[in-house]
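Chain by chain, the residues:
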Amino acid sequence: HQDWVLTLANDLMSKFGVDVILDQYELSAGKELTHFMETSITEADKVLVILTPNYKLKAENRQRGVGFETSIISQEISLHQFHK
């Protein structure tokens, strides 16, 4: 799925001129995923979340790191819906 997401992001940029913030572009060893998510979601006009079926189950059940990520994303989306 990572290759599919990367292809989608590249196509959105090259074919449609969409500015894309993607973890595969931005994150490297030593960079913090949580900080990336918190800053990126506030910079973005729109957010597209692509999940595998397994990730979706973990997110719905708030399991482990996926549950934490889901909480961050949900909170930021909720906050920004009311401030726009």
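Residues numbered from 1 in each chain as written. Predicted model: local features only at pLDDT ≥ 70, side-chain atom pairs only at ≥ 80, totals over all residues. Heavy atoms only, no water.

Novice: Sorry, what's going on with the overall build of the protein here?
Specialist: Check the secondary structure of the protein and you find five helices and zero strands. Listing every helix and strand of the protein by position from the N terminus yields α-α-α-α-α. The buried share among the 84 residues of the protein stands at 19%. Once local pairs closer than 6 in sequence are excluded, the contacts in the protein between residues at least 24 apart make up 37%. Put simply, the protein shows about 6,500 Å² of open surface, and 54% of that area lies on carbon and sulfur atoms. (Helix = DSSP H or I, 4+ residues; strand = E, 2+ residues; numbered from the N terminus. Buried < 20%, exposed > 50% of the residue type's maximum accessible area, 1.4 Å probe, protein only. Contact = heavy atoms within 4.5 Å. Areas by Shrake-Rupley, 256 points an atom, 1.4 Å probe, with all protein chains shown as cover.)

Novice: Hey, could you run me through helix 3 (residues 33-43) in this one?
Specialist: Turning to helix 3, its buried residues number three or more, namely T34, F36, M37, S40 and I41. Along the axis of helix 3, the buried positions cluster into a sector of 160°, meaning they face one direction only. (Arc of directions from axis to C-beta.)

Novice: Is there a simple way to explain the confidence of the model for the protein in this structure?
Specialist: When pLDDT is low, close inspection of the predicted coordinates is not appropriate. The predicted model of the protein averages 81 in pLDDT, with 89% of residues at 70 or higher. The spread of mean pLDDT over the elements of the protein runs between helix 5 (residues 64-82), the lowest at 72, and helix 1 (residues 2-16), the highest at 94. (pLDDT = per-residue confidence, 0-100.)

Novice: Whenever I open this one, a nonpolar patch on the surface confuses me. Can you help?
Specialist: A surface patch of nonpolar side chains, about 290 Å² in accessible area, is lined by V47, V49, L51 and I77. Topologically, L51 is positioned in the loop between helix 3 and helix 4 (53-60). (Patch = residues over 30% accessible without salt bridge, like charges linked within 9 Å, V, L, I, M, F, W, Y side chains within 5 Å. Salt bridge = Lys/Arg side-chain N within 4 Å of Asp/Glu carboxyl O.)

Novice: Teacher, can you tell me more about the environment of L51 here?
Specialist: Given a relative accessible area of 38%, L51 falls into the partly exposed group. It is 10.0 Å that separates the C-alpha atoms of L51 and V5, two residues lying 46 residues apart in sequence.

Novice: Looking at this structure, I do not really get the pattern of salt bridges. What am I missing?
Specialist: A side chain of one charge can pair with a side chain of the opposite charge when the charged atoms of the two come close. According to the stated counting rule, one finds two salt bridges in the structure shown. Measuring nitrogen to oxygen at the nearest pair gives 3.9 Å for the salt bridge that ties D11 to K15. Highlighted residues: D11 and K15, both in helix 1, separated by four residues, approximately one helical turn. A relative accessible area of 59% means that K15 is categorised as exposed. With a shortest N-O distance of 2.5 Å, E60 and K56 are connected by a salt bridge. Residue E60 and its partner K56 are located together in helix 4, separated by four residues, close to a single helical turn.

Novice: Would you explain the environment of I77 in this entry?
Specialist: Along the chain, the position of I77 falls in helix 5. Residue class for I77 comes out partly exposed when judged on its relative accessible area of 32%. Each C-alpha atom, one on I77 and one on V47, is 8.5 Å from the other, the two residues being 30 residues apart in sequence.

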